[in-house]
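# Secondary and tertiary structure notes
Each chain, letter by letter, is given below.
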Amino acid sequence: MTLTVTDLTIARGGIPVLQGVNLVLRPGAALVLRGSNGIGKTTLLRTLAGLQPPVCGTIRGADETIAYAGHFDGIKPTLTVSENLTFWASVFGANGIQPALDAFDLQQLAMRPAGSLSAGQKRRLALSRLLVTGRPIWVLDEPTVSLDVAAVSMFAAAVRAHLAGGGSALIATHIDLGLSAEVLDLGRFRAKTRPVADFDGDFL
Amino acid sequence: MIALLLRDLKLAFRAGGGFGLGLAFFLILTVLVPFSVGPQSSLLSSIAPGVLWLGALLACLLSLDRLLALDWEDGSLDLLATAPVPLESVVTIKALAHWLTTGLPLVLVAPLLGVLLNLPVAGFFWLVISLLLGTPALSVIGTFGAALTVGLKRGGLLLSLLVLPLYVPTLIFGAEVARRGAAGMETTTPLLMLAGITAAVIALLPFASAAVLRVNLR
Amino acid sequence: MTISAKANAIWAYANPKKFLAASERVLPFFWISSGLCLVVGLTWGFFFTPDDYRQGSTVKIIYLHVPAALLAINTWFMMLVASLIWLIRRHHVSVLAARAAAPVGVVMTVIALVTGAIWGQPMWGTWWAWDPRLTSFLILFLFYLGYIALWEAIENPDAAADLTSVLCLVGSVFAVLSRYAVNFWNQGLHQGASVMRIEAVTGADTQEKVSNVFFFPLLICIVGFVLLFVALVLYRTGTEIRARRFRALLARERAGA
């Protein structure tokens, strides 16, 4: 499944942040997004995941193909690690949780309540959810926050395995994951004026 | 779908899930009523159906601000919105889970509290029936209110302000059934109206809840 | 969207700038004519109509009570239509007009309730009774409060517009439901709406009519109130548009364009 984004303009709080974004993400490829704080990385990723509508432009190939992992882990502290994963596995109606537990070394923690995990362990649990969704395109927003070196390489291995299996990944990150990935700097798409008639443009 | 329901039930029953808070509130409210209006049993038995209905309604309201806000705060709602489940079903299931953990227990303890308030014998049956039919509507309407206020820092008070006026028809017909039943009068008309409101609300309101939830997620 | 707006003349005023220019041109007319109507209608009503044989001079509060009550309901109706237009056609002016109308509706509801209480005291011997009509107005008041509170609580103007519009829609259904519920719950003291009935105007209905002597000044008062409502909503919508414009300008400044 190829993700194609054409001439996309996105807004945060009714104010356009990025315009004219074009990108193509083919199966087996990874794309790393760079850009200063506030440039609109999160907004772009949320738009691709279908959580907010674009101002204009088209997104093709994103329908029920994207597994999104944002800033928040989406973990219920009173459920155990395996309960958390099992829940998402059955919501997405996909794979079993065993491969996910193995990939992120969560086997020892499986029966612990998620609330007792450290921040890095929680992050690993959140990332392992990507595997149980069975979705081909991973859209990741700063996935390595609070991960230690070992966990980062665990994550990079999981991404490589995903790519080798024909999946693709769009990652907003500032650290080098050692992937052979294209890098896209969002700085050149920064919205310059506000010509967008649909939003506040009418009022100027 | 079933998984979401089971998860919500599990979360409610485990530590810190808040199960039982509504029940305790209902109990305390019922105990406080005689302190404020006096202990005459004739007075209590005449106001019992209304007081119990109001108590159940307020107890339902109590847990609404956690209904969606917790999932919103920890990012689960984002993930559910990208999952292959329509948001309309998500809010319906959430409302169902809320009813099973809040509304249904209230229905079950209401007769016990009716004893405390000298509810006439004929009233018990109609009290339970009216609550059984009415509380699902309270949960569904409450879910709509929770979806409206989910992104707000201090949404709790606003939630009450928005939801309570929407509770008026359900309260009127529900309490009317209980009151007429206790007085040994005909209950068919208000009972049908109550059932109609509940059915219509369950059928239509999830669409509005999902729509406002989408607005709040973006 | 912009193309269809241009194609149809009335939608041209959905453009904030055009709306501002047009409303500024017509506003003086509305202010002056509503002022004239209210002065003439209220003076006529208060000083040049006979006292009612049953109700005495208290009947004269009708010149405030009836127009306010009419507007209290119709303001909500106008907000409903404006919200629908926003949800369907995404015209900002429409939803800002709904926002601008809400406080006017609240004031009208309060006027109707207060004048009703003042009128009801000598007539029914009580300031307040849980009569269906009175109760419905009280519930309407709560709906207005919720709508306004939701607008105030949300920072993002477009999200606020969407959420309040859906609330207005859902609220309308529940307001109608409440009206029937309240009717069922208590049959009341209040007379039926008697101003607009043909019999009342022609004087054929002798039971609960509002006779001609009262009717003409009342009609002028109603017209005055409606004109005042239009003037207030236009004026307040202008204020809302300027506030949004200010916000848009600030955003452009921050973006460093």
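See the structure above.
Nothing here was measured: the structure is a model prediction, and the numbers come from that model.

### A short note on the interface of chain C and chain B
Opposite the 24 residues of chain C that make contact, chain B presents 26 residues. Both sides of the chain C and chain B interface together cover about 2,100 Å² of buried area, and 86% of this is carbon and sulfur. At the boundary of chain C and chain B, one finds one salt bridge. Along the contact surface separating chain C from chain B lie one residue pair in polar contact (both at pLDDT 80 or more).

### Let's talk about the interface of chain B and chain A
With 23 residues of chain B in contact, the opposing surface of chain A contributes 23 residues. With both chains or domains summed, chain B and chain A bury close to 2,100 Å², and 62% of this area falls on carbon and sulfur atoms. If you look at where chain B meets chain A, you find five salt bridges. Of the charged contacts in the structure, one is a salt bridge between Asp74 of chain B and Lys76 of chain A, with a shortest N-O distance of 2.9 Å. Summed over the shared surface of chain B and chain A, the number is nine residue pairs in polar contact (both at pLDDT 80 or more). When contributions to the side of chain B that touches chain A are tallied by element, the ones reaching two or more residues are α1 (2-13), α5 (69-73) and α6 (76-82) of chain B. Ranked by the residues each element gives to the side of chain B that touches chain A, the list is headed by α6 of chain B, at six residues. A class-by-class count of the residues in the side of chain B that touches chain A yields 12 nonpolar, three polar and eight charged.

### Some thoughts on the pattern of salt bridges
Taken as a whole, this structure holds 18 salt bridges over all chains when the rule is applied. One salt bridge in this structure joins Arg7 of chain B and Asp8 of chain B, with 3.3 Å as the shortest N-O distance. Each of the two residues, Arg7 of chain B as well as Asp8 of chain B, counts as buried. Put simply, Lys94 of chain B and Asp71 of chain B hold a salt bridge, and the shortest N to O gap is 2.4 Å. Here Asp71 of chain B lies in helix α5 and Lys94 of chain B lies in helix α7 (residues 87-116), a separation of 23 residues in the sequence. Using a relative accessible area of 2% as the deciding quantity, one classes Asp71 of chain B as buried. Connected through shared salt-bridge partners, Lys76 of chain A together with Arg7, Asp8, Asp71, Asp74 and Lys94 of chain B make up one network.

Thresholds applied
- Residues numbered from 1 in each chain as written.
- Chains lettered and ligands numbered in written order.
- Predicted model: local features only at pLDDT ≥ 70, side-chain atom pairs only at ≥ 80, totals over all residues.
- Heavy atoms only, no water.
- Contact = heavy atoms within 4.5 Å.
- Buried area = accessible area lost by both parts, 1.4 Å probe.
- Salt bridge = Lys/Arg side-chain N within 4 Å of Asp/Glu carboxyl O.
- Polar contact = N/O pair within 3.5 Å; in protein donor to acceptor, adjacent residues only side chain to side chain.
- Helix = DSSP H or I, 4+ residues; strand = E, 2+ residues; numbered from the N terminus.
- Nonpolar A, V, L, I, M, F, W, Y, C, P; charged D, E, K, R; others polar.
- Buried < 20%, exposed > 50% of the residue type's maximum accessible area, 1.4 Å probe, protein only.

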